[in-house]
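Understanding the architecture of this molecule
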Amino acid sequence: LDEYQKYADRIKKYKIAKIQLLDIKPILLSDFFNEDLSKYSHTVIKKTRFLLNAAFEAAIENEFCYKNPMRTVAIPQKAPGEKKAFSDKEVKLIDEFSLVDKDFGVCMLLFLHAGLRSEELRAIGPTDIQGRIVTINKAIKETGKIGPTKNGKPRIVALSPTIAPLIQVRLNSNDRYILGGNDYVVKDTLRSKYDSFFKRLNKWCKENKKPSVKRLPPHCCRHTYATRARREGIPIEILSALL
């Protein structure tokens, strides 16, 4: 429901939301999907179509309109985008810099070596990491409230013997959250800290005559974790559970 509320809020930003219900024609909806939503993924477009179709059906049942203009609208088909990941050399540089970066270093290690989602990283605390074991059982939802993970199931991830001690020494047991201390940070703050980390990283790389590291979106850290784990021979069904 939180996810569909987000899609509904997005629709409100576009001109289609300002048109009277009875004046919404299939051609206007087609323009909305092919132009306004063109920058979004096929998944977002598909779920928005489902939402609008359900809304029109509910409107018909309640006699706000007499037909569903969404029924005949074809949504644009998009090929799935390539999943980007950091190279092994880039991971090594990120790991190396994370050890000296006090602001976001431990978060980057968890992103890359535990495969956390952004909303899970914002919700995780020092008590969720015991030795090599990371317990992921909560996330910050779209509503801004803390709740279960995306599929509602907790999961356990084991850190490598080399990474676990590096994370443990950086944890502050007095903090409720690893990022933010007593209060979890909002989504924009996480993104800002993530961006700032890469600026500091590349400045450090330049000063130490090392190659720069491209800045990929936070979710690509999760792709990197999956790519490296698969290459190391972890069976796909186990990797699926870890993710």
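Scroll up to find the structure.
This is a predicted model, so every value here is computed, not measured.

Check the secondary structure of the protein chain and you find ten helices and five strands. With the C-alpha coordinates aligned to their principal axes, the bounding extent of the protein chain is approximately 65 × 35 × 35 Å. Expressed as a percentage of its 243 residues, the buried residues of the protein chain come to 39%. Excluding contacts between residues fewer than 6 apart, the proportion of contacts in the protein chain whose partners are at least 24 apart in sequence is 61%. For the protein chain, the exposed surface amounts to about 14400 Å²; the carbon and sulfur share of it is 54%. With 45 positive and 28 negative side-chain charges, the protein chain shows a separation of 3 Å between the mean positions of the two kinds.

Structurally, histidine 223 can be placed in helix H9 (residues 219-231). Each residue touching histidine 223, except ones within four places of it in the same chain, is listed here: Lys83, Lys84 and Ala85.

Taken as a whole, this structure holds 14 aromatic pairs when the rule is applied. Geometrically, the ring pair formed by tyrosine 4 and tyrosine 7 is edge-to-face, given 5.8 Å between the ring centres and 70 degrees between the ring planes. You can see tyrosine 4 and its partner tyrosine 7 sitting in helix H1 (residues 2-11), three residues apart, about one turn around the helix. When the centroid spacing of 5.8 Å and the interplanar angle of 70 degrees are considered together, the rings of tyrosine 14 and phenylalanine 32 count as edge-to-face. Here phenylalanine 32 lies in helix H2 (residues 26-36) and tyrosine 14 lies in the loop between H1 and H2, a separation of 18 residues in the sequence. Like phenylalanine 32, tyrosine 14 is buried.

Let us now look at the packing of helix H5 (residues 105-114) against H9. The geometry of H5 relative to H9 is characterised by a closest axis approach of 6 Å and an angle of 45 degrees between their N-to-C directions. With respect to H9, the element H5 is oriented oblique. When H5 is examined against H9, the residues Met108, Phe111, Leu112, His113 and Ala114 are found in contact with a partner set consisting of Cys221, Arg222, Thr224, Tyr225 and Arg228.

Turning next to the sheet that holds strand S5 (residues 155-158). With antiparallel pairing, the three strands of this open sheet are ordered in space as S1-S2-S5. Whereas interior strands pair on both sides, the edge strands pair on one side only; in this sheet they are strand S1 (129-130) and S5. Pairing between S1 and strand S2 (residues 133-136): two bridges, direction antiparallel. Paired with isoleucine 129 across the strands is valine 134, a residue of S2.

Evaluated as defined, the whole model comprises 14 salt bridges. One salt bridge in this structure joins glutamate 120 and arginine 155, with 2.8 Å as the shortest N-O distance. Taken together, the positions of glutamate 120 in helix H6 (residues 118-123) and arginine 155 in strand S5 put the pair 35 residues apart, joining distant regions of the chain. We note that glutamate 120, like arginine 155, is buried. A network of salt bridges, in which partner residues are shared, links Asp101, Asp103, Lys193 and Arg200.

Right, let's talk about helix H3 (residues 42-61) for a bit. Helical geometry: 3.6 residues make up each α-helical turn, so side chains three or four residues apart lie on a common side. Its 20 residues place the ends of H3 29 Å apart at the C-alpha level, agreeing with the 28 Å of an ideal helix rising 1.5 Å per residue. Of all the positions in H3, only Val44, Ile45, Thr48, Leu52, Phe56 and Ala59 are classed as buried. Seen from one end, H3 has its buried residues packed into an arc of 100 degrees, which puts them on one side. Exposed side chains of H3 directed beyond 90 degrees from the buried face belong to Phe50 and Glu61. In this structure, the buried residues of H3 make contact with H1 and H2. The positive-phi residue at the C-terminal boundary of H3 is glutamate 63, with phi of around 60 degrees.

What counts and what doesn't
Residues numbered from 1 in each chain as written. Predicted model: local features only at pLDDT ≥ 70, side-chain atom pairs only at ≥ 80, totals over all residues. Heavy atoms only, no water. Helix = DSSP H or I, 4+ residues; strand = E, 2+ residues; numbered from the N terminus. Buried < 20%, exposed > 50% of the residue type's maximum accessible area, 1.4 Å probe, protein only. Contact = heavy atoms within 4.5 Å. Areas by Shrake-Rupley, 256 points an atom, 1.4 Å probe, with all protein chains shown as cover. Lys, Arg positive; Asp, Glu negative; His and termini not counted. Charge placed at Lys NZ, Arg CZ, Asp CG, Glu CD. Phe/Tyr/Trp six-rings, centres within 6.5 Å; stacked < 30°, edge-to-face > 60°. Axes fitted to C-alpha atoms, helices over the stretch in contact; angles between N-to-C directions. Parallel < 35°, antiparallel > 145°, perpendicular 65-115°, else oblique. Pairing = 2+ DSSP bridges. Salt bridge = Lys/Arg side-chain N within 4 Å of Asp/Glu carboxyl O. Expected span 1.5 Å × (residues − 1). Arc of directions from axis to C-beta.

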